[in-house]
Amino acid sequence: MTVSQKMWTKKSLAYRYLFSAGLILFGLILNFFNIGLGHFAGFNSVGSWVIYAGFLIAVIATISYKKKKKKIIDERMEKIGYHALRITNAIFILTLFLLMILDGIYQITTRYYLFISYIICFELLVYFITYKILERKY
Amino acid sequence: MKTKITELRKKLKMTQQELADKVEVSRQTIISLEQGKYNPSLELAYRITKALKVKKIEDVFELK
């Protein structure tokens, strides 16, 4: 494993802006063709939510670039990240399995997009906690 | 793995941050190495040996 230093570059910022623009364009197309109308994640349509997500990504990317913080990612961090990812993956699969059983017993009636967002947040939280625990170990 | 990093570093009057900057790792990695919690790769071990101005890796790192 090699040592690497991660730094915000204009190229990485450009990619993020491109992705953000893509999302905004996609949202506009959805709204133009009246696809996904109806309440979605606090917005009046799916397209509006996608446009909001696009703007949010652009804002976060801009703020992060302005900070210009040099971040070191060395081999120890890579090792910890790798192990944390493996543990998170195992917990994620176990959680989904338990949810399958739970749904069989007591039907989960939460809307799909909300349910998926909860799962994503849960996975990020598990990864964060696992990383912190392994950081102390290594 | 046992290390003599702390001892050799203090001989050169170097801080952990200075050593970390020299070998291009984080200070936390240097702390973990000194505490014997983390075993470095061969490349990192060579870099540390060079930074501490020692000739042999065995003079810095020792198998427990």
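Residues numbered from 1 in each chain as written. Chains lettered and ligands numbered in written order. Predicted model: local features only at pLDDT ≥ 70, side-chain atom pairs only at ≥ 80, totals over all residues. Heavy atoms only, no water.

Asks: So what's going on with the interface of chain B and chain A? Which residues, and what values?
Replies: Counting from both sides, the interface comprises 12 residues of chain B and, opposite them, 13 residues of chain A. Interface of chain B and chain A: buried area, both sides summed, is about 1,100 Å²; carbon and sulfur atoms make up 49% of it. A per-residue breakdown of the area chain B buries against chain A is headed by Glu24, Lys37 and Tyr38 of chain B, which together make up 43% of the total. At the boundary of chain B with chain A, the tally comes to zero salt bridges. (Contact = heavy atoms within 4.5 Å. Buried area = accessible area lost by both parts, 1.4 Å probe. Salt bridge = Lys/Arg side-chain N within 4 Å of Asp/Glu carboxyl O.)

Asks: Residues and numbers for the packing of aromatic side chains, please.
Replies: Residues and elements named next belong to chain A. This structure, assessed with the given rule, holds five aromatic pairs over all chains. Aromatic pair Phe43 and Tyr52: ring centres 5.0 Å apart, planes at 40 degrees, arrangement tilted. Classification of Tyr52 as partly exposed rests on a relative accessible area of 41%. Ring geometry for Tyr127 and Tyr131: centres 6.1 Å apart, planes at 45 degrees, overall tilted. With a gap of four residues between them, Tyr127 and Tyr131 both fall in helix α4 (residues 112–137), about one helical turn apart. Relative accessible area serves as the criterion here: at 28%, Tyr127 is assigned to the partly exposed category. (Phe/Tyr/Trp six-rings, centres within 6.5 Å; stacked < 30°, edge-to-face > 60°. Buried < 20%, exposed > 50% of the residue type's maximum accessible area, 1.4 Å probe, protein only. Helix = DSSP H or I, 4+ residues; strand = E, 2+ residues; numbered from the N terminus.)

Asks: Can you explain the nonpolar core? Please cite residues and give values.
Replies: Of all hydrophobic cores here, the largest spans 19 residues; its most connected members are Ile5, Leu19, Val23, Ile48, Leu52 and Val60 of chain B. Of all elements in the fold, only α1 (5–11), α2 (16–23), α3 (27–34) and α4 (42–51) of chain B reach the threshold of two or more residues within this core. At four residues, α4 of chain B tops the list of elements feeding residues into this core. Sequence-distant contacts of Leu52 of chain B, that is, excluding residues within four places in its chain, are made with Ile5, Leu8, Arg9, Leu12, Leu19 and Val60 of chain B. Core analysis: the second largest hydrophobic core is formed by six residues, Met77, Ala84, Leu134 and Tyr138 of chain A among them. (Core = buried A, V, L, I, M, F, W, Y, C linked by side-chain atoms within 4.5 Å.)

Asks: Please give an account of unusual backbone geometry that cites residues and values.
Replies: Residue and element names in this part refer to chain B. Here the phi dihedral of Lys13 falls at roughly 55 degrees; this positive angle occurs in a residue that is not glycine. Looking at where Lys13 falls in the secondary structure, it is placed in the loop between α1 and α2. A positive phi angle, close to 60 degrees, is found at Glu24, a residue other than glycine. Tracing the backbone through its elements, the reader meets Glu24 in the loop between α2 and α3.

Asks: Account for the confidence of the model for chain A, with residues named and values stated.
Replies: Detailed reading of the predicted coordinates is not advisable wherever pLDDT falls low. Chain-level pLDDT for chain A is 89 on average; 92% of the residues reach the 70-or-more range. Least confident of the elements in chain A is strand β1 (residues 4–6) of chain A, whose mean pLDDT is 56; most confident is helix α3 (residues 75–105) of chain A, at 94. (pLDDT = per-residue confidence, 0-100.)

Asks: Requested: an account of the pairing of strand β2 (residues 37–40) of chain A, with residues and values cited.
Replies: Residue and element names in this part refer to chain A. Across two bridges, β2 lies against strand β3 (residues 43–45) in antiparallel orientation. Bridged to Phe40 within β3 is Phe43. Connecting β2 to the next strand, β3, in antiparallel fashion are two residues, including Ala41 with a positive phi near 50 degrees. (Pairing = 2+ DSSP bridges.)

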